[in-house]
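Geometric and topological summary
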Amino acid sequence: MTIDPTKLLVRLLELSRNLSAVADIDVFMMSILSAAVELTGSESTAILEYDETKLDFYYKYVPWFQSESIKGARVPLNDSSAGWVFLQVKPLVIQDVTNDPKYYSKNDELPDFKTSSLLAVPLVLHEKAFGVFEVFNKAAGEAYSAEDVRVMESLASLAAIAMQNDLLARTVQTSRTESRELDRLKSEFIAITSHELRTPLGLILGHATFLRELISEEFHEQVDVIIRGASRLKEIIENLSSVDNYQTGGSTLRSRKVSMARIIEDVSASFRDVAGNKGVAIKIEIDPSQDLWLDVDGNKIAIVLSNLVKNAITFTDNGGNVTIRAERQPDFIKVSIQDNGLGIPARDLAHVFDRFYQVESHLTRRHGGMGLGLSVAKAMIEMHGGRIWAESMEGMGSTFIFLLPVNVNQAAPEPAMPFAD
Ligand code: ADP
């Protein structure tokens, strides 16, 4: 029997199209098996996969009519046609299995099927065989031809890709499940730890503040060190739990009408001394005729702005400037914090909003911080349906920009510039 080349081409084309379209691997593999039987004029077929732990083969795919017993059967690596094909990574034709020592006849003792001839090709990926694709019993009186071998090799390469895709998809799925579980454990850990730390920390702060009132002024400095340290710890804990609360949906917004101009003025006023001591000037550029009122949780937006202004001052040297701008756009208010400091290398820009991410190594850097400020800012802006991103040139400075919808239920558009997600 010779195969009509057009029919063969159409069938292969159809299978390769289905390769990406069919979601269920079993459905696709059944169509590969039917094509193999049909195009080679065989009675049956099977795909065997090599089992690296047991060092033999098992039947991975057999036609639906094949008995259940064959599915559980194993084929040894040595003294079998599958083993030969697998080890040589070459096709094999046995026209009469009764006269060939390479044929492993034990599985013929299983019910329903008796092999007389076979054609087997390796399933190869990256030049390494991982299984064998076989067809059995060419129609009476005929021998497997070189053309049959080519057909089987084409089908085998489609089968190999499909099986590999399936394996990759399952690996991705497993990694996703594992990472979700890790994420859950991490959130749980953060929630428990912050809760457990908050109470003793509150006591330390409360008592230290109380003590400060009682003791003479000469000891104030020592107690101030305790209060500053405890306040810093409190800030870290609040930051940790606010990102987590946002990600787990545990954080709520207390929105009301506030003026963005007012938030900017308050926040910059709170940083005047720090900036002044460092020789960094804070400028505000707002057109007073603009309406900058919007519906937001003012405390959260103040935290966002504080984190951004604090960073801008931290990463700008003496003599530098930090400029805060706000402008009304049709449905949004756009705020930017620009500095002419260190800047952020392009490779880091996409990651600065990740939790615990810091451009300099935590051990060598001169500045404090835990790499949480920007992730907190991002979480809080996104809670409001807004967007935040950064633009920067190393050595030239950075600009952090956020957009907040004026009305609560309106999401901000994608920014025109690339932003770190
Ligand atoms: P941290 O509190 O440790 O500074 P952030 O999340 O606020 O953490 O910032 C993450 C990192 O992004 C910082 O460690 C710094 O390397 C970089 N970064 C943030 N803002 C600026 C800025 N304005 N200029 C330069 N680098 C910045």
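Residues numbered from 1 in each chain as written. Predicted model: local features only at pLDDT ≥ 70, side-chain atom pairs only at ≥ 80, totals over all residues. Heavy atoms only, no water.

Concerning the site of the ligand
Surrounding the ligand, one finds 19 residues, the nearest of these being N311, D339, Q358, G371 and L374. Within the side chain of Q358, an N or O atom sits 2.7 Å from an oxygen atom of the ligand. Within the contact set of the ligand, an oxygen atom lies 3.3 Å away from a backbone nitrogen or oxygen of G373. Burial of the ligand by the protein chains amounts to 96% of its free accessible area of 540 Å². Secondary structure elements with two or more residues in the shell around the ligand: α8 (298–314), α10 (373–383) and β13 (397–405). Of the residues in the shell around the ligand, the class split is ten nonpolar, seven polar and two charged. (Near = heavy atom within 4 Å. Polar contact = N/O pair within 3.5 Å; in protein donor to acceptor, adjacent residues only side chain to side chain. Areas by Shrake-Rupley, 256 points an atom, 1.4 Å probe, with all protein chains shown as cover. Helix = DSSP H or I, 4+ residues; strand = E, 2+ residues; numbered from the N terminus. Nonpolar A, V, L, I, M, F, W, Y, C, P; charged D, E, K, R; others polar.)

With respect to the sheet that holds strand β4 (residues 92–94)
Pairing between the strands of a sheet comes from backbone hydrogen bonds, and it takes one of two forms, parallel or antiparallel. Spatially, the six strands line up as an open sheet ordered β3-β2-β1-β6-β5-β4, and their pairing is antiparallel. Looking at which strands have only one partner, the edges of the open sheet turn out to be β3 (74–76) and β4. Strand-to-strand twist of the sheet, defined as the mean angle between neighbouring strand axes without regard to direction, takes the value 30°. In this sheet, β3 lies alongside strand β2 (residues 56–61) in antiparallel orientation, the contact comprising three bridges. When the bridges of β3 are listed, D56 appears paired with P76. (Pairing = 2+ DSSP bridges. Axes fitted to C-alpha atoms, helices over the stretch in contact; angles between N-to-C directions.)

Quick notes on the side chain of S80
By secondary structure assignment, the location of S80 is in the loop between β3 and α4 (81–88). Within the structure, the side chain of S80 is placed 2.8 Å from the backbone nitrogen of G83, a separation counted as a polar contact.

Looking at the domain arrangement of the protein chain
Assigned domains within the protein chain: domain 1 (5–173), domain 2 (178–248) and domain 3 (256–405). The gap between the C-alpha centroids of domain 1 and domain 2 is 63 Å. (Domains from an automatic or database assignment.)

Points about helix α7 (residues 260–278)
Helix length check: α7, at 19 residues, gives a terminal C-alpha distance of 26 Å against a target of 27 Å (1.5 Å per residue), a fit within 8%. Of all the bends found along α7, the most pronounced is centred on R272 and spans about 45°. Every buried residue belonging to α7 is among M260, A261, I263, I264, V267, S268, F271 and A275, and all of these are buried. The N-cap of α7, judged by a side-chain oxygen 3.2 Å from the amide nitrogen of A261 a few residues on, is S259. G279 sits one or two positions beyond α7 and adopts a positive phi of about 75°. (Expected span 1.5 Å × (residues − 1). Bend = angle between axes of the 7 residues up to and from the residue. Buried < 20%, exposed > 50% of the residue type's maximum accessible area, 1.4 Å probe, protein only.)

Quick look at the packing of aromatic side chains
In the structure shown here, the tally under the stated rule is four aromatic pairs. Of the aromatic side chains, those joined through ring pairs into one cluster are Y50, F57 and F86. (Phe/Tyr/Trp six-rings, centres within 6.5 Å; stacked < 30°, edge-to-face > 60°.)

Quick word on the pairing of β2
Strand direction decides the pairing type here: strand β1 (residues 42–51) and β2, joined by five bridges, are antiparallel. Bridging across to β2, L48 finds its partner in Y59. Counting the residues that bridge the hairpin from β1 to β2 gives four residues, and of these L55 lies at a positive phi of roughly 60°.

Comments concerning the nonpolar core
If you look at the biggest cluster of nonpolar residues, it comprises 42 residues, and the most contacted ones within it are M260, L305, V309, V335, I337 and F402. Secondary structure elements with two or more residues in this core: α7, β9 (293–296), α8, β10 (321–328), β11 (332–339), α10, β12 (387–393) and β13. Not counting residues within four places of it along the chain, the set of residues in contact with L305 comprises I263, I264, V267, V335, I337 and F402. Counting residues in each nonpolar core, the second largest holds 33 residues, with A35, V151, M152 and A159 among its members. (Core = buried A, V, L, I, M, F, W, Y, C linked by side-chain atoms within 4.5 Å. Contact = heavy atoms within 4.5 Å.)

Thoughts on the pattern of salt bridges
Counted by the stated rule, this structure contains 20 salt bridges. Between E238 and R198 there is a salt bridge, and its shortest N-O distance comes to 3.3 Å. Within this pair, whereas E238 is found in helix α6 (residues 220–247), its partner R198 is found in helix α5 (residues 146–214), the two being separated by 40 residues in sequence. On the accessibility criterion, R198 (33% relative accessible area) is partly exposed. For R232, the salt bridge goes to E235, with nearest N and O atoms at 3.0 Å. Pair noted here: R232 and E235 are both in helix α6, with a separation of three residues, about one helical turn. Each of D51, D56 and R74 takes part in salt bridges that share partners, so that together they form one network. (Salt bridge = Lys/Arg side-chain N within 4 Å of Asp/Glu carboxyl O.)

Here's the deal with the sheet that holds β11
Sheet architecture is open: five strands sit in the order β8-β10-β11-β13-β12, paired in mixed fashion. The sheet is open, and its two edges are formed by β8 (281–286) and β12, each paired on a single side. Strand-to-strand, the axes of this sheet are offset by a mean angle of 15°, without reference to chain direction. The pairing of β12 with β13 spans seven bridges and is antiparallel. Paired with R387 across the two strands is L403, which belongs to β13. Against the sheet, α7 makes contact with β8, β10, β11 and β13, and its axis sits at roughly 170° relative to β8, the strand it touches most. The strands that α8 touches are β8, β10, β11, β12 and β13; relative to β11, the one it contacts most, it runs at about 20°.

Some details on the environment of I324
By secondary structure assignment, the location of I324 is in strand β10. You can call I324 buried: its relative accessible area is 0%. Each C-alpha atom, one on I324 and one on I401, is 9.8 Å from the other, the two residues being 77 residues apart in sequence. Excluding residues that lie within four positions of it along the chain, I324 makes contacts with I264, S268, I282, K283, I284, E285, V309, V335, S336 and I337.

Side note on the confidence of the model for the protein chain
Predicted confidence across the protein chain gives a mean pLDDT of 88, with 91% of residues reaching 70 or more. The model gives residues 416–421 a pLDDT under 50, and that stretch makes 20 contacts with residues more than four places away or in other chains. (pLDDT = per-residue confidence, 0-100.)

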